[in-house]
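# Structural overview for review
The residues making up each chain are set out below.
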Amino acid sequence: MNKNATAQLHIYSAFFVLAGFVLNRGVFLLFLADKGMSVTEIALYQALFNIATVVLELPTGLVGDFFGKKFSIQVGVLLLFFHTAGMLLLSGPFLVVLSLVEALAYSLQSGSEQALLYEIVRNADQGERFLTINARLLAAQSIATGTAIVLGSFIAQVSWSALYVCVSVFYLLQLLLLYPIERMETTHSKNSGEERFDVAKIFRRETWCIGESDFAVLLLLIGTSMLDGFYGSYYNLNQLVFDAFDAPVSIIGIFFGASYAVNATAYIAADFFSSRFGKRNTMLGSMLIEAGLFMILPWFASNPLCLFGLSMVLCFLPEVVYITSENLIQDAIADDLRATILSVASLVRALFSAMFFSIFGYVLGLYPIQIALGVIGAIAIAITAVVSLKMVGIHVSKN
């Protein structure tokens, strides 16, 4: 085993986990309000961030593939550092403009982080263990995020300035960890033409490494990203669902705090089940169980404890689907468009998340809660059926 490649993996793993330790994640909207921004201005900040993220996903993915994934991540982290400094130093309309800087920063990292991890793991001769390594790192990152949210809230009670100085320090630590990471040598798809960067390659058979039809894996990417957008939208509306059933505020708080631990457990469980039943079967089974639980949710949700338990499982299974589908897609694509294709997945996920969030909000406002949940369950069944049919037709490695 290449010792240098293994050292690179250890260093990047430390960066990957540290990237989840964002102290201001749970209180940044409160910080904006403390800076004097109105509710309308805060909503504008969020709207601009979401729109810019969607617009920038694809071009920033191309940056990662063309200029290097490490470079793309470094620029993203550096922009987050400047964004944090700007939050401390600026005020008024300038804070709204900073949403564009934040969106660009996260977009530069979104596709490249996972793409670079995959290539580092493979270069360390551990490609067959990518799902295991990825699962453990995502679990550690999820725990780090939950810990950072709690710690950040306590620091914020003492001083907002202290909180944002700490956030800035952690971004500098991330840059230090990235510095020794070597640029990966990419494996190019057949006839890729190294002398010319051709976006159209994303739609060609030779870009996809497994023997499927031209668009099979691309459709899998779109379908699973759509499903992930659906799951994410429901998760964000959980507060309203709990409130509609008169669940105590304490239950709601415990649920969202515990969800990070649930996510961490899901990543480890995905690796366990994939090693025994295969990635595709694990993904299909999780999707079908999730859809079934959505259908029975209206009949059990009136009991706060049942609602809590079902909602936990409804958070657990999507993470299993996410990590197994992401692993299947990573195995199926060539390096020279890896970051771009993963950015496309993020783009599709964001678009469908926005769409489903609007639909769910409308449905919850139009119908009584149990009928609304039935409608959401029917949508879940329909989407799952479409993605499952596509999955049945794709032949992938069982391990």
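Predicted, not measured: the structure shown is a model, and the values here were computed from it. (Residues numbered from 1 in each chain as written. Predicted model: local features only at pLDDT ≥ 70, side-chain atom pairs only at ≥ 80, totals over all residues. Heavy atoms only, no water.)

Along the protein chain, the regular secondary structure elements total 14 helices and zero strands. For the protein chain, the proportion of its 399 residues judged to be buried stands at 51%. Restricting the contact set of the protein chain to residue pairs at least 6 apart, pairs at least 24 apart contribute 84%. With an accessible surface of roughly 17600 Å², the protein chain has 68% of that area assigned to carbon and sulfur atoms. (Helix = DSSP H or I, 4+ residues; strand = E, 2+ residues; numbered from the N terminus. Buried < 20%, exposed > 50% of the residue type's maximum accessible area, 1.4 Å probe, protein only. Contact = heavy atoms within 4.5 Å. Areas by Shrake-Rupley, 256 points an atom, 1.4 Å probe, with all protein chains shown as cover.)

Here Phe49 is to be found in helix H3 (residues 39-67). Spatially, the C-alpha atoms of Phe49 and Val101 are 8.6 Å apart, while their sequence positions differ by 52 residues. Those residues in contact with Phe49 that lie beyond four places of it in its chain are Ser99, Glu102, Ala103 and Tyr106.

Contact geometry for helix H11 (residues 279-300) and helix H12 (residues 304-332): axes closest at 9 Å, N-to-C directions at 155 degrees. Considering the angle they form, H11 stands roughly antiparallel to H12. Between H11 and H12 the crossing geometry is left-handed. Class assignment of the residues belonging to the contact of H11 with H12 gives a composition of 18 nonpolar, five polar and four charged. (Axes fitted to C-alpha atoms, helices over the stretch in contact; angles between N-to-C directions. Parallel < 35°, antiparallel > 145°, perpendicular 65-115°, else oblique. Left-handed = near helix turned anticlockwise from the far one by under 90°. Nonpolar A, V, L, I, M, F, W, Y, C, P; charged D, E, K, R; others polar.)

Another aspect to go through is the packing of aromatic side chains. Tallying each qualifying case throughout the model produces 19 aromatic pairs. Ring geometry for Phe230 and Tyr231: centres 6.0 Å apart, planes at 75 degrees, overall edge-to-face. Each member of the pair Phe230 and Tyr231 is classed as buried. Each residue in the set Phe230, Tyr231, Tyr234, Phe294, Phe352, Phe356 and Phe360 is aromatic and connected to the rest through ring pairs, giving one cluster. In this structure, Lys70 is placed above the aromatic ring of Tyr179, and the distance from its NZ or CZ to the ring centre is 5.9 Å. (Phe/Tyr/Trp six-rings, centres within 6.5 Å; stacked < 30°, edge-to-face > 60°. Lys NZ or Arg CZ within 6 Å of the ring centre and 35° of its normal.)

Turning our attention to H11. Here H11 spans 31 Å end to end across 22 residues, near enough to the 32 Å set by a 1.5 Å rise per residue. Where H11 bends most, the angle comes to about 30 degrees, and this point is Phe294, followed within four residues by the proline Pro298. Of all the residues in H11, the buried ones are Lys279, Thr282, Met283, Leu284, Ser286, Met287, Glu290, Ala291, Leu293, Phe294, Leu297 and Pro298. (Expected span 1.5 Å × (residues − 1). Bend = angle between axes of the 7 residues up to and from the residue.)

Bringing the pattern of salt bridges into the picture now. Taken as a whole and judged by the stated rule, the model has seven salt bridges. Taking the shortest distance from any N to any O, the salt bridge between Lys69 and Glu119 comes out at 3.0 Å. You can see Lys69 sitting in helix H4 (residues 69-89) and its partner Glu119 sitting in helix H5 (residues 93-123), a full 50 residues away along the chain. Accessibility assignment for this pair places Lys69 and Glu119 in one class, buried. Shared partners join several salt bridges into a network, and the residues in it are Asp65, Lys69, Glu119, Arg122, Asp335 and Arg338. (Salt bridge = Lys/Arg side-chain N within 4 Å of Asp/Glu carboxyl O.)

As a further point, take the nonpolar core. One finds Tyr12, Met87, Leu117 and Leu163 to be the most contacted residues of the largest nonpolar core, which totals 55 residues. Per-element tally for this core: the top contributor is helix H6 (residues 130-158), with 11 residues. Not counting residues up to four positions away in its chain, the partners in contact with Leu117 are Leu9, Tyr12, Phe16, Phe130, Asn134 and Leu137. Core analysis: the second largest hydrophobic core is formed by 39 residues, Val262, Leu297, Leu310 and Ile383 among them. (Core = buried A, V, L, I, M, F, W, Y, C linked by side-chain atoms within 4.5 Å.)

We now examine the side chain of Ser286. Among the structural elements, Ser286 can be located in helix H11. At 2.9 Å, the side chain of Ser286 forms a polar contact with the backbone oxygen of Thr282. Not counting residues within four places of it along the chain, the set of residues in contact with Ser286 comprises Leu317, Val320 and Val321. (Polar contact = N/O pair within 3.5 Å; in protein donor to acceptor, adjacent residues only side chain to side chain.)

Between H4 and H5, the shortest axis-to-axis distance is 7 Å and the interhelical angle comes to 150 degrees. Judged on the interaxial angle alone, H5 and H4 are roughly antiparallel. The interaxial crossing formed by H4 with H5 has left-handed handedness. Here the contact of H4 with H5 is built from residues that sort into 15 nonpolar, six polar and five charged.

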